[in-house]
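So you can see what is in the structure, the chains are spelled out below.
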Amino acid sequence: MTGRPLTLMAVHAHPDDEATGTGGVLARYAAEGVRTVLVTCTDGGCGDGPGGVKPGDPGHDPAAVVSMRRQELEASCDVLKISDLEMLGYADSGMMGWPTNDAPGSFWQTPVEEGAARLAELMRHYRPDVVVTYDENGFYGHPDHIQAHRITMAALEMLASEAGASEAGASEASASEASASTPKVYWTTMPRSAMRRFGEAMHEFHEDAPEPDPAEVAEMAKIGLPDDEISTWVDTTAFSGQKFDALAAHASQGENIFFLKMGKERFGELMGVETFVRVRGVTGGAVPENDLFAGLR
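Residues numbered from 1 in each chain as written. Predicted model: local features only at pLDDT ≥ 70, side-chain atom pairs only at ≥ 80, totals over all residues. Heavy atoms only, no water.

Draft legend 1. Summary view of the packing of helix α1 (residues 17-31) against helix α2 (residues 62-80). Put simply, α1 and α2 touch, their axes get as near as 9 Å, and they point 35° apart. Across the interface between the two elements, E18, A19, G23, L26, A27 and A30 from α1 touch L73, S76 and L80 from α2. (Axes fitted to C-alpha atoms, helices over the stretch in contact; angles between N-to-C directions. Helix = DSSP H or I, 4+ residues; strand = E, 2+ residues; numbered from the N terminus. Contact = heavy atoms within 4.5 Å.)

Draft legend 2. The side chain of T152, seen in detail. Here T152 shows up in helix α4 (residues 143-168). By relative accessible area, which is 0% here, T152 ends up buried. Excluding anything up to four places from it in sequence, T152 contacts V11, L119, M123, V131 and T133. (Buried < 20%, exposed > 50% of the residue type's maximum accessible area, 1.4 Å probe, protein only.)

Draft legend 3. Representation of the environment of E86 in the model. Positionally, E86 belongs in strand β3 (residues 84-90). With 49 residues separating them in the primary sequence, E86 and V37 have C-alpha atoms 7.5 Å apart. In contact with E86, other than residues within four places in its own chain, are L38, V39, T40, L122 and Y126. A polar contact is formed between the side chain of E86 and the side chain of Y126, at a distance of 2.5 Å. (Polar contact = N/O pair within 3.5 Å; in protein donor to acceptor, adjacent residues only side chain to side chain.)

Draft legend 4. Spotlight on the packing of aromatic side chains. If you walk through the whole model with that rule in mind, you get four aromatic pairs. Between the aromatic rings of Y29 and F293, the centroid separation amounts to 4.9 Å while the plane-to-plane angle is 70°, which identifies the pairing as edge-to-face. Taken as a pair, Y29 in helix α1 and F293 in the segment after β7 (273-280) lie far apart in primary sequence, 264 residues in all. With a relative accessible area of 0%, F293 lands in the buried category. For the ring pair Y90 and F107, a centre distance of 5.2 Å and an interplane angle of 20° mean the geometry is stacked. Here the residue Y90 occupies a position in strand β3, and F107 occupies one in the loop between β3 and α3 (112-126), the gap between them amounting to 17 residues. Residue classification places F107 among the buried residues on the basis of a relative accessible area of 0%. (Phe/Tyr/Trp six-rings, centres within 6.5 Å; stacked < 30°, edge-to-face > 60°.)

Draft legend 5. The pattern of salt bridges, seen in detail. For the structure shown, the criterion picks out 16 salt bridges. Between R297 and E32 there is a salt bridge whose closest N-O contact spans 2.9 Å. Of this pair, R297 sits in the segment after β7 while E32 sits in the loop between α1 and β2 (35-42), placing them 265 residues apart in sequence. (Salt bridge = Lys/Arg side-chain N within 4 Å of Asp/Glu carboxyl O.)

Shown next as structure tokens:
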């Protein structure tokens, strides 16, 4: 690792996703001297407009929303001390089933190999030691999250194939170096125990809310993983204030960011640990672990 800092690359779908799922680790590792690279795949144009106007409603201007969300994303990156921001610039596909899923140029309509090739080029440039993205279902089924997962895993396969070809004709020292450059890979997740706590917190801050529909409760129970299936628990308590402020930077989407209603203290209590599933660990270290860079330093 001489001459090159450890590098974390987080691949997210929209502006604000970087803060929700990985704001704590991005802030923590930046403070530890790790180079933090954020790749945001879409422009966020299907987000709320000024005053909370929804996509498709009168007054919703996607171009204005894109510009506003770019500014908010840059402010969030400043809060989290992110080293490098890369935007792929695909059009936001909207929620699953929206007409925008089928729009030409939407991320959901982009061939996986095209997005993967662009992302692989960024990986060659930054040489991340750790890559973080979503699971196969994009954590909760959003098409852009699913697509971010697909292009990330495809990009990693491209690089693995290149490394394999290099090793086949390389000296032993060069082969060892190529193998060492293969990143650890993690998918974001949430422990089911935390999902229950979030449900309780929602009623705590919305006392007049109706009792949840049993079908919705059953669907929510499918999100995340049982605690014993989570490989990596990273304590980011000391950085929960930064994570809160990064979320708050996305002010135009505040109506959709429930966590902001908690206030910093309660937010820190509930959001002080970020959890992941290690799907590729070149160091072969034991799990559970408490550090995305375990075995690398």
